[in-house]
Structure formats: C-alpha cells, structure tokens
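Coordinates in review
Residue strings, one per chain:
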Amino acid sequence: MQKIAIIHHLSSSGGTVVSKCIAALPDVVLLSEMHPLIGMGKPFFLPIDPLAQFLVNYPQLAPDPETLNREFRARLEVVARICQAEGKLLVLRDHTHSDYLTNFEPRQRLVEALDQNYEIQRLVTLRNPIDAWLSMKVSQHDHHIPHFSDYCDRVLKFLDDHAQLPLWRYEDFVSKPHNVVAEICTYLGIRFDPSFSSRFGIKTLTGDSGRKPAKIVELPRRDYPKKFVDEVAASRSFAVIAARFGYTALR
C-alpha cells in the first residue's frame with residue numbers, strides 16, 4: 001500500500017506553523033485540516049467541490065458516515081495517486097479538534113477512514129495546555145469546553161489515545177526548529193532541506209488563526225486573569241500532562 005503520513009495536534013497548539021514547515025519541504029504535499037465527516041463552518045469559495053458546499057448549507061441532509069468516508073477516500077485517492085507518481089509524500093494534517101474538542105465522542109476518525117487503504121505513518125505535536133487554552137479562548141475555539149479542567153481532560157484523552165506515536169513538543173520546535181524538522185524528516189523517511197525556514201511563511205494553510213509570526217520564535221504568553229492560576233492548580237489532568245512532558249503550573 002502507498003505510504004502517507006498524518007500529523008495530529010489540537011487547536012491553538014502551534015500545529016499550523018509546524019505544518020507550514022513540513023509543507024515547505026521539497027518532497028512533501030501537505031493537505032491541511034482533513035476530516036472525513038466535517039464540512040466547513042461557513043460557505044467558502046471552492047467551486048470544484050459540491051459536496052463540501054452541500055454539507056455546509058444542508059447539514060440536515062448529510063449522508064451517513066460510511067458514505068462520507070467512502071467519498072472522502074475517493075477524493076483523496078486522486079491526490080494520492082498524483083503524489084505517488086511524482087515521488088512526493090502525501091501528508092495530512094488531521095482536524096483533531098473535531099474528534100477531541102467538540103461534542104463528538106473522542107475517536108480517531110481520519111485514521112479509521114484510511115487505514116485499510118494506506119500505510120500510515122503518524123506523529124503528534126503538543127503545546128503546553130496553558131498556552132494552547134489561552135490562545136483557544138482568544139480565537140473562540142472553546143465552544144464545547146466549559147473550563148480549563150475539562151480542556152485538560154480532553155487533552156489527556158487525546159494523548160493517551162496516541163501514546164504509541166512519536167511526539168514533538170512545540171516548545172522544542174520553536175527553540176530548535178531545524179533540529180525538530182530534521183528529526184521529523186528522519187522519521188518520515190524524507191529528505192531534509194534546511195531552507196524550509198525561509199519558505200514556510202509563504203505557505204497558506206487552513207486553520208491559521210493565531211498570531212502568524214514571520215519567524216519561528218517563542219511567542220509571549222497571553223494575558224490571563226488571576227483566578228486562572230487556581231484553575232490550573234486544580235486540574236488533575238494538567239498535573240499528569242505536566243509531569244509527562246515537563247511543563248510547570250502558574251505561580
């Protein structure tokens with residue numbers, strides 16, 4: 001079976017800039033925010049895809065998940081075939097938000113739709129839940145999440161479900177981007193090109209709702225109210241995540 005790759009990460013966790021860097025590699029074709037069951041939240045200009053517009057405007061008429069999975073595979077097959085002929089690795093950026101940060105039952109739906117058709121290499125990126133949550137609040141991606149503790153419960157579920165996969169921290173990426181991207185290239189079996197860092201900014205991906213830095217740098221933590229310190233301290237799931245990945249609570 002053809003080899004493809006899937007990147008998993010949650011909203012506002014720096015996944016867009018990591019994905020842009022991978023997309024800037026010469027042997028990669030990257031498709032952003034892929035999910036077999038999710039239409040866009042609002043109509044958009046994409047004349048070639050009537051199904052996407054249909055799902056946006058008439059969600060009550062959406063076909064069953066099995067039909068949507070089949071249609072998703074058929075659309076992807078065209079791209080995958082071209083990538084294989086051109087010697088490119090097809091990389092899918094999973095819209096993991098839909099599976100873990102909404103009212104859906106947590107599941108790996110993109111993998112389930114494709115794992116019988118492709119040999120899939122998967123990887124995970126993670127950002128400190130404190131910073132990801134504060135960014136989510138600004139971007140208003142927290143519609144289904146009432147508080148930080150619930151968010152951390154979901155992040156921990158996501159991490160446990162993907163525990164067998166290699167994981168790179170966003171904080172390590174912004175500190176040493178060339179090292180991290182080189183490691184990802186080695187894992188994926190593709191050629192590393194250090195010039196990615198001068199080209200990533202020209203890549204346009206969906207989901208680019210954050211601060212869009214022109215360079216790969218650590219961004220200052222967003223402001224937070226004093227009571228948030230207590231929310232972080234009260235989250236048992238955050239304590240577990242912090243212990244596993246070297247994060248610290250607020251003081």
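It should be noted that the structure appears before, not after, this text.
Overview of the nonpolar core
Counting 28 residues, the largest nonpolar core has Ile-22, Leu-25, Leu-30 and Phe-173 as its most contacted members. At the level of secondary structure, the elements contributing two or more residues to this core comprise strand E1 (3-8), helix H1 (15-23), strand E2 (28-34), strand E3 (89-94), helix H8 (170-175) and helix H9 (177-188). Among residues more than four places away in sequence, those in contact with Leu-30 are Ile-7, Ser-19, Ile-22, Ala-23, Val-91, Arg-93 and Leu-205. Within the second largest apolar cluster, 26 residues are counted, among which are Leu-10, Val-124, Leu-134 and Cys-152.

Things to note about the packing of aromatic side chains
Enumeration according to the criterion identifies 11 aromatic pairs in this entry. The interplanar angle of 35° and the centroid separation of 5.3 Å between the aromatic rings of Trp-133 and Tyr-151 together place this pair among those described as tilted. In this pair, Trp-133 is assigned in helix H6 (residues 129-139) and Tyr-151 in helix H7 (residues 148-161), connecting sequence segments 18 residues apart. Across the pair, Tyr-151 and Trp-133 agree in class, each one buried. Ring geometry for Phe-148 against Phe-238: centres 5.9 Å apart, planes inclined by 50°, an arrangement best described as tilted. You can see Phe-148 sitting in helix H7 and its partner Phe-238 sitting in helix H12 (residues 236-245), a full 90 residues away along the chain. The exposure class assigned to Phe-238 is buried, which follows from its relative accessible area of 3%. In textbook terms, an aromatic cluster arises when at least three aromatic residues are bridged by ring pairs, as seen for Trp-133, Phe-148, Tyr-151, Tyr-224, Phe-228 and Phe-238.

Points about the packing of H7 against H12
One can describe the packing of H7 onto H12 by two numbers: an axis separation of 8 Å at closest approach and a directional angle of 45°. The orientation of H7 with respect to H12, classified from their angle, is oblique. Our pair here, H7 against H12, has a crossing hand that is left-handed. For the pair H7 and H12, contact is made by Phe-148, Cys-152, Asp-153, Val-155, Leu-156, Leu-159 and Asp-160 and by Ser-237, Phe-238, Val-240, Ile-241, Arg-244 and Phe-245, respectively. Of the residues belonging to the contact of H7 with H12, the class tally is 9 nonpolar, 1 polar and 3 charged.

So, the side chain of Arg-109
Along the polypeptide, Arg-109 turns up in helix H5 (residues 109-114). Apart from residues no more than four positions distant in its own chain, Arg-109 is found in contact with His-35, Pro-36, Leu-37, Asp-99 and Phe-104.

Re unusual backbone geometry
Of note in the backbone geometry, Ser-12 takes a positive phi value of approximately 60° without being a glycine. Summarising the element assignment, Ser-12 is placed in the loop between E1 and H1. Of note in this structure, Glu-33 is not a glycine but carries a positive phi near 55°. Its place among the elements puts Glu-33 in strand E2. Of the residues examined, Glu-33 reaches a relative accessible area of 27% and is grouped as partly exposed.

Here is what the cut-offs are and how they apply
Residues numbered from 1 in each chain as written. Predicted model: local features only at pLDDT ≥ 70, side-chain atom pairs only at ≥ 80, totals over all residues. Heavy atoms only, no water. Core = buried A, V, L, I, M, F, W, Y, C linked by side-chain atoms within 4.5 Å. Buried < 20%, exposed > 50% of the residue type's maximum accessible area, 1.4 Å probe, protein only. Helix = DSSP H or I, 4+ residues; strand = E, 2+ residues; numbered from the N terminus. Contact = heavy atoms within 4.5 Å. Phe/Tyr/Trp six-rings, centres within 6.5 Å; stacked < 30°, edge-to-face > 60°. Axes fitted to C-alpha atoms, helices over the stretch in contact; angles between N-to-C directions. Parallel < 35°, antiparallel > 145°, perpendicular 65-115°, else oblique. Left-handed = near helix turned anticlockwise from the far one by under 90°. Nonpolar A, V, L, I, M, F, W, Y, C, P; charged D, E, K, R; others polar.

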